[in-house]
Amino acid sequence: MRKLELVFKTSDEKLKTLSINYANGKLTGDTVNKAMTEIAKLKMFDRDGIDPYATPIAAQYRKTEIDKLFDTRGE
């Protein structure tokens, strides 16, 4: 499985990662950076006075590889 991870700095200077499971696999850095900037501008998230998505820091795709040993769910 492939996830898109968006890393933001919170308004209290901590890092917060937003993971998106079914993201388009062909996004560019510029496209993602612009989207993250728009998310930050909205300021629609507030947790006890702290904005968790205040400043875009990084974005990356993360792959998870699964090697099945057995699976009886289909039986």
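Quantities reported herein were computed from a predicted structural model and do not represent experimental measurements.

Trainee: Residues and numbers for the side chain of glutamate 5, please.
Mentor: Mapped onto the elements of the fold, glutamate 5 is located in strand 1 (residues 2–9). Excluding residues that lie within four positions of it along the chain, glutamate 5 makes contacts with Thr17, Leu18, Ser19, Ala58, Ala59, Gln60 and Arg62.

Trainee: Tell me about the pattern of salt bridges, residues and numbers included.
Mentor: For the structure shown, the criterion picks out five salt bridges. Glutamate 38 is paired through a salt bridge with lysine 41; the nearest N and O atoms lie 3.7 Å apart. Taken together, the residues glutamate 38 and lysine 41, both in helix 1 (residues 29–42) and three residues apart, mark about one turn of the helix. Classification of glutamate 38 by relative accessible area gives partly exposed; the value is 44%. Ionic pairing is found between aspartate 71 and lysine 68, a salt bridge with its closest N-O pair at 3.5 Å. Classification of aspartate 71 as partly exposed rests on a relative accessible area of 32%. Because the salt bridges share partners, they merge into one network encompassing Lys68, Asp71 and Arg73.

Trainee: How would you summarise the sheet that holds strand 3 (residues 55–63) if you had to cite specific residues and measurements?
Mentor: The three strands are arranged 2-1-3 in an open sheet whose pairing can be described as antiparallel. Taken across any chain shown, the strands that pair with only one partner, and hence form the sheet edges, are strand 2 (15–20) and strand 3. On average, adjacent strands in this sheet sit at an angle of 20° to one another, irrespective of strand direction. In terms of strand pairing, strand 1 meets strand 2 through six bridges, oriented antiparallel. Within strand 2, the residue paired with leucine 4 across the bridge is isoleucine 20.

Trainee: Could you give an account of the pairing of strand 1, with specific residues and numbers?
Mentor: Here eight bridges tie strand 1 to strand 3, and the two strands are oriented antiparallel to one another. Paired with valine 7 across the two strands is alanine 58, which belongs to strand 3.

About the thresholds
- Residues numbered from 1 in each chain as written.
- Predicted model: local features only at pLDDT ≥ 70, side-chain atom pairs only at ≥ 80, totals over all residues.
- Heavy atoms only, no water.
- Helix = DSSP H or I, 4+ residues; strand = E, 2+ residues; numbered from the N terminus.
- Contact = heavy atoms within 4.5 Å.
- Salt bridge = Lys/Arg side-chain N within 4 Å of Asp/Glu carboxyl O.
- Buried < 20%, exposed > 50% of the residue type's maximum accessible area, 1.4 Å probe, protein only.
- Pairing = 2+ DSSP bridges.
- Axes fitted to C-alpha atoms, helices over the stretch in contact; angles between N-to-C directions.

Everything listed here is a matter of geometry and, on its own, says nothing about what the molecule does.
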